[in-house]
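Observations on chain architecture
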Amino acid sequence: MMCSIRGCSGEYEYKRIVHTVHKGDEIFVFDHVPAEVCSVCGDTLLEPEAIGHLEALLKPKSEPQKLIPLYNYVYGAL
Ligand SMILES: [Zn+2]
């Protein structure tokens, strides 16, 4: 499928990506999410099915598989 970004000649390729969801102050990170990614500009499309699955994983009863450190990039802070 051709990229939907105007002027981009790339094509979407099926990939497994790291996808982040921001909810309020919290950030949720999902690894190995199936997506279509443009080979040129990197535009990413998630299938409605994948979005539904991410929402199901965010329900309070599900526990993360792994806890990872989160680094907040603040320019000039170091
Ligand atoms: Zn593109």
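In this report, we go over the structure that sits alongside the text. (Residues numbered from 1 in each chain as written. Predicted model: local features only at pLDDT ≥ 70, side-chain atom pairs only at ≥ 80, totals over all residues.)

**Some words on the overall build of the protein**
Scanning the protein from N- to C-terminus turns up one helix and three strands. Counting from the amino terminus, the protein carries its helices and strands in the arrangement β-β-β-α. Whereas a compact globule of 78 residues would reach a radius of gyration of roughly 12 Å, the protein reaches 15 Å, over 25% beyond that. Expressed as lengths along the three principal axes of its C-alpha atoms, the size of the protein is roughly 40 × 40 × 20 Å. Buried residues in the protein amount to 3% of all 78 residues. Counted over contacts in the protein with a minimum sequence separation of 6, partners at least 24 positions apart contribute 47%. (Helix = DSSP H or I, 4+ residues; strand = E, 2+ residues; numbered from the N terminus. Rg over C-alpha atoms; globule rule 2.2 N^0.38 Å. Buried ≥ 20, exposed ≤ 12 C-beta atoms within 10 Å, placed from the backbone. Contact = placed C-beta atoms within 7 Å.)

**A word on unusual backbone geometry**
In most cases, non-glycine residues show a negative phi, while peptide bonds are predominantly trans. Phi is positive for histidine 32, which is not a glycine, with a value near 65 degrees. Taking the C-beta count within 10 Å as the criterion, histidine 32 has 9 such neighbours and is therefore assigned exposed.

**Quick word on the sheet that holds strand E2 (residues 26–38)**
In spatial order, the strands read E1-E2-E3; together these three strands make up an open sheet with antiparallel pairing. Of all strands in the sheet, those with a lone pairing partner are strand E1 (12–23) and strand E3 (44–46), marking the two edges. When the angles between neighbouring strand axes are averaged without regard to direction, this sheet yields 50 degrees. Across three bridges, E2 lies against E3 in antiparallel orientation. Along E3, the bridge assignment pairs glutamate 36 with leucine 45. Running over the sheet, helix H1 (residues 48–57) touches E1, E2 and E3 and is turned about 165 degrees from E2. (Pairing = 2+ DSSP bridges. Axes fitted to C-alpha atoms, helices over the stretch in contact; angles between N-to-C directions.)

**Observations regarding the environment of aspartate 31**
The residue aspartate 31 is located in strand E2 in this model. Classification of aspartate 31 as exposed rests on a count of 11 C-beta atoms within 10 Å. Note: C-alpha distance between aspartate 31 and threonine 20 (11 residues apart in sequence) is 8.7 Å.

**Details of the environment of glutamate 11**
Its place among the elements puts glutamate 11 in the segment before E1. Under the C-beta neighbour-count criterion, glutamate 11 is labelled partly exposed, with 13 such atoms within 10 Å. Residues glutamate 11 and valine 29, 18 residues apart in the sequence, show an inter-C-alpha distance of 26 Å.

**Structural notes on the pairing of E2**
Moving residue by residue along a regular strand, the side chains alternate between the two faces of the sheet. Strand direction decides the pairing type here: E1 and E2, joined by 11 bridges, are antiparallel. Along E2, the bridge assignment pairs isoleucine 17 with valine 33. The turn linking E1 back onto E2 is made up of two residues, and glycine 24 within it adopts a positive phi angle of 60 degrees. Where E2 folds back on E3, the antiparallel hairpin that results is connected by five residues, among which glycine 42 adopts a positive phi of roughly 80 degrees.

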